[in-house]
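The lines below spell out each chain.
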Amino acid sequence: MTEIADFHAWPDAHGRFGEYGGIYVAETLMEPLAELTAAYEKLRRDPAFIAELDRDLKYYVGRPSPVYHAERLSKHIGGARIVLKREDLNHTGAHKINNTVGQALVARHMGKTRIIAETGAGQHGVASATVAARLGLKCVVYMGAVDIERQKINVYRMRLLGADVVPVTSGSKTLKDALNDAMRDWVTNVADTFYIIGTVAGPHPYPQMVRDFNAIVGREAREQVLEQFGRLPDVITAAVGGGSNAIGMFHAFLNDRGVRLVGAEAAGEGIATGRHAASLAAGKPGVLHGNRTYVLSDANGQIVETHSVSAGLDYPGVGPEHAFLKDAGRAEYVGITDDEALEAFHLLARTEGILAALESSHAIAQAIKLARELPKDGLVLANLSGRGDKDVHTIAAREGIEL
Amino acid sequence: MSRIDRRFAALKSAGRTGLVPFVTAGDPSPDGMVDLLHGLVAAGADLIELGVPFSDPMADGPVIQHASERAIAKGVGLANVLAWVAAFRETDAETPIVLMGYLNPVEMYGYAAFAEDAVEAGVDGVLMVDCPLEEAHVLEPLRQAGLQQILLASPTTAEARLAGLCEAAAGFLYYVSFAGITGAAQLSTGDIAGRVADIRARSKAPVAVGFGVRDAASASAIGEFADAVVIGSALVDRLSGAVSAEDAVGRARDFLAPIRAALDARCIGVGSGT
């Protein structure tokens, strides 16, 4: 294992995080990606763009989101203090809006008139439809037919916002297939279309760009925790599907070696059952969706179908920076089962009056486990990446309740 | 000289345009695959592109995607593909075979092991759709073993990259005729003729044109300015309903015959040439 001096120095000029990341796409996309990289490199250093982004994040998204000491939950657990970063309080209800606001501004600066996006749980689709409506851009969202069925409310929200939601019926009919179709659309319509990728995966510069737009979560949380508690947290937890909320939360802390970073992947029905979506815990390095990273594939290299109660975590790959952090030993990645996530969902609802997204419930479950192991003055920071309204039907159905 | 280089040299000296059919390995039937490969040669194939099925073929259109899904459902993997090539080589030592696909199956096989086994089986080159020149370092074990990496150029390829591609091209350079997925859109040959002429003048390797070629007319139009014509989705679509190995071979023959004839009709030295 190579010792990493500065985790903030990545990716390198080729978009690589060590052996991960890169640009593994069809030739047709190389030039559009080069154009995007050049545009983003210029904009991210442009004070006017940064000011524009900051204004949007403050007045449209509603930042900063608070950190909140969940006292009743902490007391109930009987261990360390659990603190929640409330990304669920953002406009549209999740961290996803941070990235879409950023990418939509990049799209506008590049003169693009059409936005495409892929979505699993629907949060990224809603966030994309939202920013497209605000900027007057046409928006097409690709979504697996299975996900459309289990996230009906978000599908309707996207349509209310003026987006076309295109059902994807190939493969497993979930997020990975939606991503394939979005890529195909982009290949075909590169001239006027901007592809807003929703997580820290895909070809360079997406893993870097999406991380940069979400890194505000960790930057704020670091300041807020220092201010409120006078110290850094002992450990941070965040859910990891593609990994955008987790990278957003982890990034500001990467060089604080004393802070443990723990990503909670979807262990579904249990890693041993094979019905899960834990790419880092159970996958191997491979190439999927434009980047080298950990993927879940069979002996023939075919990407396998994944399972999670949470549509947003149901993805067989993961952002390359997470693969890098895992190999470097800087972050740990553990599995949280569907049952554990649901238990955490209910516990948080009843002790704090907060309905967490099922994705975020994985992070809460992991925070609860870690808080139990730490002394009462310990500090566990969990990223509450999104609100659970969208999951109410899924939870009710799973528990045999007819709404 | 590699088998691919020999074949293109022969085409050039005969004044012929090469015909490169694409089929998905294991589709329509794993059992009939070797017969189908021979059938393609009998129908006039100068080089065969054999698609390695992949679950997430993000640059392919629905026709090839569904062919991949059918093959995967029948359990087809890289080991099968290599076994079919080896069986084909028992009686055909001349027709070059290029494996076309995506990196992850090779990654899981292991690059070094794959390189050794592919050369042993008689594979001549690989065209990895998701491996542009910038990431080609991962295929170094394949090149060292003697496999040629077929590179692609497209209408969106910028001038600086095109120079690099023309310089690095081995076997042949695959020009993607339009920005899109396989099997989509109508071809506008006028737009691409100039571009291909420019690339042919600069490339170390011959230029094959694919994407959107569907019949004798489009193949003939492309044949006016390309060294070879690649035809994939339309053929895969024609094969998809085959009820037996014999039927598949017959369909391939019926489909390719007019295309072969059209290509030969416009060539200088009509004849087998190969």
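Residues numbered from 1 in each chain as written. Chains lettered and ligands numbered in written order. Predicted model: local features only at pLDDT ≥ 70, side-chain atom pairs only at ≥ 80, totals over all residues. Heavy atoms only, no water.

Asks: Before we move on, could you go through the overall build of chain B and cite the residues and values that matter?
Replies: Of the regular secondary structure elements, chain B holds 12 helices and 9 strands. In terms of overall dimensions, chain B is globule-like: its C-alpha atoms have a radius of gyration of 17 Å, near the 19 Å expected for 274 residues. Taking all 274 residues of chain B together, the buried fraction comes to 59%. Counting only contacts in chain B whose residues sit at least 6 apart along the sequence, the fraction spanning at least 24 positions is 73%. Carbon and sulfur atoms make up 53% of the accessible area of chain B, which amounts to about 9400 Å² in all. (Helix = DSSP H or I, 4+ residues; strand = E, 2+ residues; numbered from the N terminus. Rg over C-alpha atoms; globule rule 2.2 N^0.38 Å. Buried < 20%, exposed > 50% of the residue type's maximum accessible area, 1.4 Å probe, protein only. Contact = heavy atoms within 4.5 Å. Areas by Shrake-Rupley, 256 points an atom, 1.4 Å probe, with all protein chains shown as cover.)

Asks: Lay out the interface of chain B and chain A with the relevant residues and their values.
Replies: Taken together, the contacts link 41 residues of chain B with 37 residues of chain A. In total, about 3000 Å² of surface goes out of reach between chain B and chain A, with carbon and sulfur atoms giving 51% of it. It is Asp56, Met58 and Met108 of chain B that lose the most area in chain B upon contact with chain A, and together they represent 24% of the buried surface on that side. A salt bridge links glutamate 27 of chain A to arginine 161 of chain B; the nearest nitrogen and oxygen atoms lie 2.4 Å apart. For the interface between chain B and chain A, the tally reads 20 residue pairs in polar contact (both at pLDDT 80 or more). Breaking the side of chain B that touches chain A down by element, the ones donating at least two residues are helix H3 (62–73), helix H5 (103–109), strand E6 (151–153) and helix H8 (159–168) of chain B. (Buried area = accessible area lost by both parts, 1.4 Å probe. Salt bridge = Lys/Arg side-chain N within 4 Å of Asp/Glu carboxyl O. Polar contact = N/O pair within 3.5 Å; in protein donor to acceptor, adjacent residues only side chain to side chain.)

Asks: I'd like a rundown of a nonpolar patch on the surface, residues and numbers included.
Replies: Residue and element names in this part refer to chain A. The grouping of Leu355, Val392, Ile401 and Leu403 at the surface amounts to a nonpolar patch, some 360 Å² of accessible area in total. You can see isoleucine 401 is positioned in the segment after helix H16 (392–398). The exposure class of isoleucine 401 is partly exposed, given its relative accessible area of 47%. (Patch = residues over 30% accessible without salt bridge, like charges linked within 9 Å, V, L, I, M, F, W, Y side chains within 5 Å.)

Asks: Give a description of the sheet that holds strand E5 (residues 148–149) of chain B that names residues and reports values.
Replies: Residue and element names in this part refer to chain B. The strand order across the open sheet built from 9 strands is E5-E4-E3-E2-E1-E9-E8-E7-E6, with neighbouring strands paired in parallel fashion. Strand pairing shows two members of the sheet lacking a second neighbour, E5 and E6, which therefore form its edges. Where strand E1 (residues 18–24) and strand E9 (residues 228–231) come together, 4 bridges link them in parallel fashion. The residue bridging leucine 19 from the neighbouring strand is valine 229, located in E9. (Pairing = 2+ DSSP bridges.)

Asks: Before we move on, can you summarise the domain arrangement of chain A with the specific residues and values?
Replies: Residues and elements named next belong to chain A. For chain A, the assigned domains are domain 1 (24–58 + 96–206) and domain 2 (64–93 + 215–399). One C-alpha centre belongs to domain 1, the other to domain 2, and the line joining them spans 23 Å. Of all residues in domain 1, the largest losses of buried area upon contact with domain 2 belong to Tyr24, Arg150 and Val200, amounting jointly to 25% of the total for that side. Where domain 1 packs against domain 2, one counts 0 salt bridges. (Domains from an automatic or database assignment.)

Asks: Can you explain the side chain of histidine 307 of chain A? Please cite residues and give values.
Replies: Residue and element names in this part refer to chain A. By the element assignment, histidine 307 lies in the loop between strand E12 (291–295) and helix H13 (320–328). Since its relative accessible area comes to 15%, histidine 307 is described here as buried. Only 2.8 Å separates the side chain of histidine 307 from the side chain of aspartate 338, close enough to count as a polar contact. Setting aside chain neighbours within four positions, we find histidine 307 in contact with Gly268, Glu269, Arg275, His276, Ala277, Asp314 and Asp338.

Asks: Let's hear about the pairing of strand E3 (residues 97–101) of chain B: which residues, and what values?
Replies: All names here are of chain B. Most of E3 is tucked away, with 5 of its 5 residues classed as buried. A two-sided burial pattern is seen for E3, the buried positions comprising Ile97, Leu99 and Gly101 on one face and Val98 and Met100 on the other. Sheet topology places E3 next to strand E4 (residues 125–128); 4 bridges connect them, and they run parallel. Within the sheet, the bridge partner assigned to methionine 100 lies in E4 and is leucine 127.

Asks: If you had to explain the pairing of strand E10 (residues 260–268) of chain A to someone new, which residues and values would you point to?
Replies: Residue and element names in this part refer to chain A. Within E10, 8 of the 9 residues are buried, which leaves the element mostly enclosed by the surrounding structure. As judged from the 6 bridges shared by strand E9 (residues 235–240) and E10, these two strands associate in the parallel manner. Across the sheet, valine 235 pairs through a bridge with arginine 260, a residue of E10. Following the backbone out of E9, through helix H11 (residues 244–250) and into the adjacent parallel E10, one traces a crossover that is right-handed. Summarising the sheet, E10 and strand E13 (residues 331–337) pair through 7 bridges and their orientation is parallel. Paired with leucine 261 across the strands is alanine 331, a residue of E13. (Right-handed = clockwise from strand over helix to strand, strands pointing away.)

Asks: Can you tell me about the UniProt feature "domain: Tryptophan synthase beta chain-like PALP" (unreviewed entry) in chain A, naming the residues and giving the values?
Replies: UniProt feature "domain: Tryptophan synthase beta chain-like PALP" (unreviewed entry): in the numbering of this structure it lies at residues 62–386 of chain A. Helix makes up 42% of residues 62–386 of chain A and strand makes up 21%, while its end C-alpha atoms are separated by 14 Å. (UniProt positions renumbered as here; feature names shortened; annotations may be inferred.)

Asks: So what's going on with the nonpolar core? Which residues, and what values?
Replies: Core analysis: the largest hydrophobic core is formed by 123 residues, its most contacted members being Tyr195, Tyr206 and Phe250 of chain A together with Phe172 and Tyr174 of chain B. Per-domain counts for this core show at least three residues from each of domain 1 (24–58 + 96–206) and domain 2 (64–93 + 215–399) of chain A. Aside from chain neighbours lying at most four places away, what touches tyrosine 174 of chain B is Glu49, Met100, Leu127, Ile150, Leu151, Leu152, Ala153, Ala208, Gly210, Phe211 and Val230 of chain B. Residues Tyr24 of chain A together with Ala45, Leu82 and Val229 of chain B belong to the second largest nonpolar core, which totals 70 residues. (Core = buried A, V, L, I, M, F, W, Y, C linked by side-chain atoms within 4.5 Å.)

Asks: Run through the side chain of threonine 174 of chain A, naming residues and quoting values.
Replies: Residue and element names in this part refer to chain A. Considering the arrangement of structural elements, one finds threonine 174 in the loop between strand E7 (164–168) and helix H8 (175–188). Given the relative accessible area of 9%, threonine 174 is considered buried. Here serine 172 takes part through its side chain, which lies 3.0 Å from a polar atom of the side chain of threonine 174. Ignoring anything within four residues of it in the chain, the contact list for threonine 174 reads Gly144, Val146, Asp147, Arg150 and Asp314.

Asks: Before we move on, can you summarise the sheet that holds E7 of chain A with the specific residues and values?
Replies: All names here are of chain A. Read across the sheet, 4 strands follow the order E7-E6-E5-E8 without closing on themselves; strand pairing throughout is parallel. Both outer strands of the open sheet, E7 and strand E8 (193–196), are each paired with one neighbouring strand and no more. Geometrically, the sheet is characterised by an average inter-axis angle of 25 degrees between neighbouring strands, direction not taken into account. Two elements, strand E6 (residues 138–144) and E7, share 5 bridges in a ladder whose sense is parallel. Counted as the bridge partner of methionine 143 is proline 167 from E7. (Axes fitted to C-alpha atoms, helices over the stretch in contact; angles between N-to-C directions.)

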